[in-house]
Amino acid sequence: MTAQPIAPAPDTDFDDAAFVAAAGGDWSDVADEIVRLKEERVAINMGPQHPSTHGVLRLILELDGETVTETRVGIGYLHSGIEKTMEFRTWTQGTALTTRMDYVASMCNELTYVLAVEKLLGLTDEIPERAVTIRVLIAELTRVASHLIAVGTGGNELGGTTLMTVGFREREEILRFFEMVTGQRMNNAYMRIGGVSQDLPPDALAFLRGAYPRILRGVGDLEDLLMKNPIYRGRLVGNAYLDLTGCIALGITGPMLRATGLPFDVRRAIPYCGYETFEFDVITETTSDAWGRFMVRMREIRESMRIVAQCIERLEGTPGPVMVADGHVAWPSQLSIGPDGQGQSPEHVREVLSGSMESLIHHFKLVTEGFRVPAGQVFVQTEHPKGTQGVHAVSDGGTHPYRLHVREASFNNLQATAALCDGGTVSDVIIGLASIDPVLGGVDR
Amino acid sequence: MTDSVPTPPVPDGGVAPDGGVAPDGGVAPDGAAAPDGGAVAFEPPLNPPADLMEVRRGLFGATDSGDTSGFGGLVDPVEMPGPSPRPYGDWFDEAVDALVDALPGQGQSIEKVVVDRGELTVYVHRDNLLATLGALRDVQALRFELSLGVNGVHYPGDTGRELHAVYHLMSITNGARVLRVETTAPDGDPHLPSSVAIYPTHDWHERETYDMFGIVFDGHPALARILMPNDWVGHPQRKDYPLGGVNVQFHGASVPPVDERRRYYS
């Protein structure tokens, strides 16, 4: 995209109106000109580079005085063609691309993707229990991290930098754990088709046990700062209202839907990864506004931490492989940390090289060519921090996806912007947008 | 509805999907069956469209011969799962029956019903798309009130039906049932009716599908591109969309576009 502005959709009201094009210059001149023209309506661009729009989102606001009369949303500034790229990479490589969609909740994207491919392969029930539990653990920690970002950055946009620093501080604890387990803080590419890329390192669970109370204390700090805060309440309560009917019509899911009182959570409705065996509550609020969404997120953090605690307990009692036994799919690697960094473990290399030549050829083919996935299509949903995430995977029997579409909750929920913001003030737009919690990497893909 | 926690009736390992159906041979049972008789179970695939998507030819990948040289001349027909016979299993029969009852012409508009990997797909002709979606949303026994969006798939080998639009619908009322509706349009006439009036959430999804596949949704309130720039030429997710290569400054060499590089398959 060049700096060339996109013409807004034809608006008959504006066609014959006098207008001032403000592109830089002295704002007082612009203001004087507006006064001279006696025109109160102003159309302004918010974004795509704007600190309050959660990334490169462009809002086109039509203002009448201070009131927003019409909101339009411009997206696509972060479109990177991930879905197209995946058609030219093997099924296994797809994880490294899905992780870059909603980069705030990387591993939740990976989870949906690998579940879809496993369903295509018919492997769903063959994933080792330890791998499934690790997936749940990671997904819930990702949810906590994502909600902390949602609340923290939302608070920052209202001027409360402390909220962001507290949110990021606790998220950092989680990212440290991720780094320990996956080798990376973000964009982890940790989920593998058939399991996870490697087992937890020996001290990881002990680290998490240590971090657990610290994370909860930070969540408590956020609650103390916000739940009784009159300014925060005053800005959020009753703002950005969207009721159940509106949510269902617009396909809104996740915390926004649960803030209307409907206890719809994919983890309970269509359980995957054994969520039916975990104890947790589906959080709802009944206010349907920005405050309700904030409360849902804060309380969901505590529910996710409950699941995390159950995962830790189970993992301590569940040894075992973290990759499916089927040699046609299982990624033939065992990573370890050596003196020169992370790589294949010497034992694994020795085992592969001292085994049969055919085994080595098979490993080589599996990595370079990939495995074939029987033709067909599936649609798999998971409860992503932002809402229902769906992966529609189509295979033509080849080693690459024929078509892979991700139904991103952020993309869909962003449609509600106009419904949330029209009729409010510009400052309410910020809150409405923050209550949707879009991540543009997921919106644009 | 607000207070009911959806119960989990996961469609699990339903009917074996493998195309055990003989697509032809039998005389079509014909719609002359008594409309309200109820005795005759509706079998939609009177004349099922071909499920052969393409015939893949390439070097490696032949699985049925001992040839590992890569020059064996792979010829591999790509078949998507074909129409399923009754019973479909799970809640699928009841839902298809309810849909058939709700549609004019006793379901003649349903092209085929596919049950694969525990998922139900109903193929409808584009002329009947809106009636189908309307019935799925409104009929009490169906109540697919939440749409999870629209997206496209381009099958250049599916002659006359190259562009598929796929709708995933969910019924929270009936315990998180998920159903897929698929409809097609030929490349030469890429038009489908817009369903924004039925599911307002399809607004952006149809724009994305238009942007990526060039499917024109007639009746959409503002069918503009959404992800690509407004002045972009072409629809990137189509299989015939040209991809760029990278010029390299050595000896006039260049890195070919990714779809023209040597691949193991196709």
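Residues numbered from 1 in each chain as written. Chains lettered and ligands numbered in written order. Predicted model: local features only at pLDDT ≥ 70, side-chain atom pairs only at ≥ 80, totals over all residues.

Trainee: Quick question: what am I supposed to make of the sheet that holds strand β6 (residues 163–171) of chain B here?
Mentor: In sheet architecture, strand pairing relies on hydrogen bonds along the backbone and comes in two forms, parallel and antiparallel. Residues and elements named next belong to chain B. Pairing within the open sheet is mixed, and its 5 strands lie in the order β3-β4-β7-β6-β5. Strands with a single pairing partner mark the edges of an open sheet, and in this sheet they are β3 (110–116) and β5 (146–154). On average, adjacent strands in this sheet sit at an angle of 20° to one another, irrespective of strand direction. In the packing of helix α3 (residues 202–213) onto the sheet, contacts are made with β5 and β6, and the angle to β5 comes to roughly 5°. (Pairing = 2+ DSSP bridges. Helix = DSSP H or I, 4+ residues; strand = E, 2+ residues; numbered from the N terminus. Axes fitted to C-alpha atoms, helices over the stretch in contact; angles between N-to-C directions. Contact = placed C-beta atoms within 7 Å.)

Trainee: Quick question: what am I supposed to make of the domain arrangement of chain A here?
Mentor: Interface size, as often reported, equals the accessible area lost upon joining of the parts. All names here are of chain A. Per the domain assignment, the segments making up chain A are domain 1 (12–74) and domain 2 (82–329 + 369–444). Placing a centre on the C-alpha atoms of domain 1 and another on those of domain 2 gives a separation of 35 Å. Domain 1 puts 16 residues into the contact, and the matching count from domain 2 is 17 residues. Elements represented by at least two residues in the side of domain 1 that touches domain 2 include exactly β2 (58–64) and β3 (67–74). Looking at which element gives the most residues to the side of domain 1 that touches domain 2, the answer is β3, with 6 residues. Classifying every residue of the side of domain 1 that touches domain 2 by side-chain character gives 7 nonpolar, 7 polar and 2 charged. (Domains from an automatic or database assignment. Nonpolar A, V, L, I, M, F, W, Y, C, P; charged D, E, K, R; others polar.)

Trainee: How should I be thinking about the packing of helix α8 (residues 204–226) of chain A against helix α13 (residues 290–317) of chain A in this particular structure?
Mentor: The angle between the axes and the distance between the axes are what describe a pair of packed helices. All names here are of chain A. Look at α8 against α13: their axes get within 11 Å of each other, and the N-to-C directions meet at 170°. With respect to α13, the element α8 is oriented roughly antiparallel. Of the residues in α13, those in contact with L205, L208, R209, I215, L216, V219, L222 and E223 of α8 are M298, I301, R302, M305, I312, L315 and E316. When grouped by side-chain class, the residues that make up the contact of α8 with α13 number 11 nonpolar, no polar and 4 charged. (Parallel < 35°, antiparallel > 145°, perpendicular 65-115°, else oblique.)

Trainee: Explanation requested: the interface of chain B and chain A in the structure shown.
Mentor: The interface of chain B with chain A comprises 43 residues on the first partner and 46 residues on the second. Looking at the side of chain B that touches chain A, the elements that each hand over two or more residues are β2 (74–79), β5, β6, β7 (177–185) and α3 of chain B. Considering only residue class, the side of chain B that touches chain A consists of 26 nonpolar, 9 polar and 8 charged.

Trainee: Where do I start with the environment of I193 of chain A in this structure?
Mentor: All names here are of chain A. Mapped onto the fold, I193 is located in the loop between β4 (191–192) and β5 (195–196). In this structure, the C-alpha to C-alpha distance between I193 and W331, residues 138 residues apart in sequence, is 8.2 Å. With residues near it in sequence (within four places) discarded, I193 still touches W91, T92, V114, V117, E118 and V329.

Trainee: Any chance you could explain the pairing of strand β7 (residues 341–344) of chain A here in plain terms?
Mentor: Residue and element names in this part refer to chain A. When strand β6 (residues 335–338) meets β7, the two strands line up antiparallel, connected through 4 bridges. By the bridge assignment, G338 is partnered in β7 with G341. Hairpin connection, β6 to β7: the antiparallel pair is bridged by 2 residues.

Trainee: When you look at helix α5 (residues 106–121) of chain A in this model, what are you seeing that I'm missing?
Mentor: Three or four residues apart is the spacing at which side chains of an α-helix point the same way, because the helix has 3.6 residues per turn. Between its first and last C-alpha atoms α5 of chain A spans 23 Å; for 16 residues at 1.5 Å apiece the expected length is 22 Å, and the two agree. Within α5 of chain A, 16 of the 16 residues are buried, which leaves the element mostly enclosed by the surrounding structure. (Expected span 1.5 Å × (residues − 1). Buried ≥ 20, exposed ≤ 12 C-beta atoms within 10 Å, placed from the backbone.)

Trainee: Explain unusual backbone geometry to me, please; I cannot follow it from the model alone.
Mentor: With the exception of glycine, the majority of residues adopt a negative phi angle, and the majority of peptide bonds are in the trans configuration. All names here are of chain A. Positive phi outside glycine occurs at A189, with the angle close to 50°. Among the secondary structure elements, A189 is positioned in the loop between α7 (161–182) and β4. Residue A189 is classed as buried on the basis of its 21 C-beta neighbours within 10 Å. If you check the backbone angles, C273 has positive phi at about 50° while not being a glycine.

Trainee: Hey, could you run me through the sheet that holds β2 of chain A in this one?
Mentor: Residue and element names in this part refer to chain A. Across the sheet, which stays open at both edges, the 3 strands sit in the order β1-β2-β3 with antiparallel pairing between neighbours. Two strands lie at the open edges of the sheet, namely β1 (41–46) and β3, each paired on one side alone. Within this sheet the neighbouring strands show an average axis-to-axis angle of 20°, counted without direction. Contacting β2 and β3, helix α18 (residues 426–436) crosses the sheet at an angle of about 145° to β2.

Trainee: Explain the packing of helix α6 (residues 129–157) of chain A against α7 of chain A here, please?
Mentor: Residue and element names in this part refer to chain A. Between α6 and α7, the least distance of the axes is 7 Å, while the angle of their chain directions is 160°. Classified by the angle their axes make, α6 and α7 are roughly antiparallel. In this structure, the crossing between α6 and α7 has a hand that is left-handed. Together, L141, V144, A145, L148, I149, V151, G152, T153, G155 and N156 of α6 and T161, L163, M164, V166, G167, F168, E170, R171, I174, L175 and F177 of α7 make up the contact between the two elements. Within the contact of α6 with α7, the residues separate by chemical class into 13 nonpolar, 6 polar and 2 charged. (Left-handed = near helix turned anticlockwise from the far one by under 90°.)

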